[in-house]
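Residue-level structure breakdown
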Amino acid sequence: MSETSLSISRVAIVGGGLAGCECARKLSQAGITVTLFEMKPERYSPAHQLEGLAELVCSNSLRSDQLESGVGLLKQEMRELGSLVMEAAEATRVPAGKALAVDREKFSAYVTNVIENDANITLVRKEIASLDAPELAGFDAVVIAAGPLASESLGASIAEAVGSTHLYFYDAIAPIISADSIDMTKAFWGSRYLPDDKDYLNCPMTRDEYFAFHAALIAGEKAPTKDFEKEIHFEGCMPIEALAERGEMTLAFGPFKPVGFTDPSTGTRPFAIVQLRTEDLNKSMFNLVGCQTKLKYGEQDRIFRMIPGLENAEFVRYGSVHRNTYVNAPRTLNHDLSLKSRPNVFLAGQITGVEGYVESAACGMWLGIILAARARGTEVETPPVETCLGGLLNHLRTEQKNFQPSNVQFGLMPELGMRAKKKDRKALYAERARGRFAEWFETVREKL
């Protein structure tokens, strides 16, 4: 069966996360009937807590909103393509400097409301345990957007379909603490080089405080890993204790770097600094930036309270580590994200091998665009590899000796083909991407 021969009028989507909701919205806008299966509240994964759709489980930040960053540029491309996630993010954003962060509960509620009130979408709160589940019978296409925390039974069914064992890595999330429990005589507001900025709260550390904290991280008791699972962390979301094990100064040169900050109580640069990012519009909760962890809960209480200003921290949510599952996309998926072994089954989101909220949503949105166009009897050309969306999709098509999930980045795009100073390269990549996207968008506008 060719990628263009599938007749589509009824689609089942498994998973009500970012990718699933984006895909459902695009299909609905094309007049396609969608049944969206979401297992919550019947069952929750180890990382999920909210009953609503599109729950952000790791952080409330969608990362940089600057067009000279890959993820900022991808978000702009998504806005121009009518992304539901970008619409919800703009409606529920909270201050975060140059980043786009949201109130996660309001964000989830916004997306849930859109889906529940869409006449073309039926939301079914039920777990789907297999690609051959009876609930999926009779649909023209099935989209698996179960996310990186797909249940073991569904994961096993996918593994059987792709003819290989799972690929996986571990993802860590950071603790969230109550704002009322922070000692504001020690913490101060400000972003890097912007002392008047009120988006981040900062806890300065002296040399002795930093090394004591580092030693505690190294010695702290970690949550155990199952015997049959080899622990492989995604580099962009390493547990803080794993980073600490790389060297005494790894944190001070990484997430705790004090560059651009002056402690107003001393008038000098701190030896290290821990940033707290607001979790909601009321600034009642804060996320410990860069402090994702697999420490046991009691150890988190003890060790994170060693940070100046957090001596009496009240934890709204503890950090944790969970397994992320994904397929070897270049070997198992067609270019339209369908399984090579079952062309009427499509994958979307992080399970394909993209990494991150924005990337997952973009993948789901793109699949929705593909299927919607196909239902109208046409095809939409993939964005050029010089664009962020095109580069990300190309990553899923490029054979590698050891395929790994990837965030969007300029490294996924072709080289500039010209000599340029390092400080100018991001701007040049962005300028080229914007131009190529505009050209592509003009040629496919009528098909969207």
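Residues numbered from 1 in each chain as written. Predicted model: local features only at pLDDT ≥ 70, side-chain atom pairs only at ≥ 80, totals over all residues. Heavy atoms only, no water.

Digging into the overall build of the protein
- Within the protein one finds twelve helices and 16 strands.
- The globule rule puts the C-alpha radius of gyration for 448 residues at 22 Å, and the 22 Å found for the protein is close to it.
- C-alpha extents for the protein along the principal axes are approximately 70 × 50 × 45 Å.
- Counting only residues that meet the buried cut, the protein has 56% of its 448 residues in that class.
- When contacts within the protein are restricted to residue pairs at least 6 apart in sequence, long-range pairs at least 24 apart make up 70% of them.
- For the protein, the computed accessible surface area is about 18900 Å², with 50% contributed by carbon and sulfur atoms.
- Here the protein contributes 50 positively and 58 negatively charged side chains, and the mean placements of these two sets differ by 5 Å. (Helix = DSSP H or I, 4+ residues; strand = E, 2+ residues; numbered from the N terminus. Rg over C-alpha atoms; globule rule 2.2 N^0.38 Å. Buried < 20%, exposed > 50% of the residue type's maximum accessible area, 1.4 Å probe, protein only. Contact = heavy atoms within 4.5 Å. Areas by Shrake-Rupley, 256 points an atom, 1.4 Å probe, with all protein chains shown as cover. Lys, Arg positive; Asp, Glu negative; His and termini not counted. Charge placed at Lys NZ, Arg CZ, Asp CG, Glu CD.)

Some words on the pattern of salt bridges
- In the structure shown here, the tally under the stated rule is 24 salt bridges.
- Across the pair R434 and E80 runs a salt bridge whose closest N-O atoms are separated by 2.4 Å. On the criterion of sequence distance, the pair formed by R434 in helix α12 (residues 422-444) and E80 in helix α2 (residues 70-80) is long-range, its members being 354 residues apart.
- Since its relative accessible area comes to 25%, R434 is described here as partly exposed.
- Salt-bridge contacts for K186 lead to E311; the nearest nitrogen and oxygen are separated by 2.7 Å. Linking K186 in the loop between β9 (176-178) and β10 (188-189) with E311 in the loop between α8 (297-304) and β14 (315-317), this pair joins segments that are 125 residues apart in sequence.
- The exposure class assigned to K186 is partly exposed, which follows from its relative accessible area of 37%. (Salt bridge = Lys/Arg side-chain N within 4 Å of Asp/Glu carboxyl O.)

Structural notes on the packing of aromatic side chains
- Enumeration over the complete set of coordinates arrives at 13 aromatic pairs.
- Their ring planes at 50 degrees and their centres at 5.7 Å tell us that F211 and F271 sit as a pair that is tilted. Of this pair, F211 sits in helix α6 (residues 207-219) while F271 sits in the loop between α7 (240-244) and β12 (272-278), and the two are 60 residues apart along the sequence.
- Ring geometry for F437 versus F441: centroids 6.0 Å apart, planes at 15 degrees, classification stacked. One end of the pair, F437, and the other, F441, are both in helix α12, four residues apart, so they sit about a helical turn from each other. (Phe/Tyr/Trp six-rings, centres within 6.5 Å; stacked < 30°, edge-to-face > 60°.)

A closer look at helix α4 (residues 104-116)
- With 13 residues, α4 extends 18 Å from end C-alpha to end C-alpha; this agrees with the ideal 18 Å at 1.5 Å per step.
- Of all the positions in α4, only R104, F107, S108, V111, T112, V114 and I115 are classed as buried. Each buried residue of α4 sits inside an arc of 160 degrees when the element is viewed along its axis, so together they form one side. (Expected span 1.5 Å × (residues − 1). Arc of directions from axis to C-beta.)

Some remarks on α2
- The buried fraction of α2 is high, at eight of eleven residues.
- Restricting attention to buried positions, one finds in α2 the residues G70, V71, G72, L73, L74, K75, E77 and M78.
- Positive backbone phi, approximately 80 degrees, marks G82, located one or two places after α2.

Here's the deal with the packing of α2 against helix α10 (residues 357-375)
- The contact between α2 and α10 brings their axes to 10 Å, and the two run at 30 degrees. The angle between α2 and α10 falls in the class roughly parallel. The crossing of α2 and α10 is left-handed. In this structure, α2 uses V71, L74, K75 and M78 to contact α10, whose residues at the interface are V358, E359, A361, A362 and M365.
- Each residue belonging to the contact of α2 with α10 can be placed in one class, and the counts come to seven nonpolar, no polar and two charged. (Axes fitted to C-alpha atoms, helices over the stretch in contact; angles between N-to-C directions. Parallel < 35°, antiparallel > 145°, perpendicular 65-115°, else oblique. Left-handed = near helix turned anticlockwise from the far one by under 90°. Nonpolar A, V, L, I, M, F, W, Y, C, P; charged D, E, K, R; others polar.)

Some points on the sheet that holds strand β4 (residues 93-94)
- Ordered in space as β3-β5-β4, the three strands form an open sheet in which the pairing is antiparallel. Looking at strand neighbours, the two that pair on one side only are β3 (61-64) and β4, the edges of this open sheet.
- Pairing of β4 with strand β5 (residues 99-102) involves two bridges; the strand directions are antiparallel. Opposite R93, over in β5, you have V102 as the bridge partner.
- The sheet strands contacting α2 are β3 and β5, and the helix crosses β3 at an angle near 115 degrees. (Pairing = 2+ DSSP bridges.)

Regarding the side chain of S69
- Structurally, S69 is set in the loop between β3 and α2.
- Among the polar contacts listed, one links the side chain of S69 to the backbone oxygen of Q66, at a separation of 2.8 Å.
- A polar side-chain atom of S69 sits 3.0 Å from the main-chain amide nitrogen of G72.
- In contact with S69, not counting residues within four places along its chain, are S64 and F410. (Polar contact = N/O pair within 3.5 Å; in protein donor to acceptor, adjacent residues only side chain to side chain.)

Quick word on the sheet that holds strand β7 (residues 141-144)
- Within the open sheet, the five strands sit side by side as β6-β2-β1-β7-β16. Their pairing is parallel. Of all the strands in the sheet, the pair left with one neighbour each is β6 (121-125) and β16 (345-347). For this sheet the average axis-to-axis angle between neighbouring strands, irrespective of direction, equals 20 degrees.
- In the sheet, β7 pairs with β16 via three bridges, with the strands oriented parallel. Along β16, the bridge assignment pairs V142 with V345.
- Running at roughly 150 degrees to β16, α10 makes contact with β7 and β16 of the sheet.

Focus: the pairing of strand β13 (residues 285-288)
- As defined by bridge partners, β9 adjoins β13 across three bridges and the pair is classed as antiparallel. What sits directly across from I177, in β13, is F286.

Re a nonpolar patch on the surface
- A surface patch of nonpolar side chains, about 300 Å² in accessible area, is lined by Y193, L194 and V259.
- Residue position: Y193 is located in the loop between β10 and β11 (200-205).
- With relative accessibility at 59%, the residue Y193 sits in the exposed group. (Patch = residues over 30% accessible without salt bridge, like charges linked within 9 Å, V, L, I, M, F, W, Y side chains within 5 Å.)

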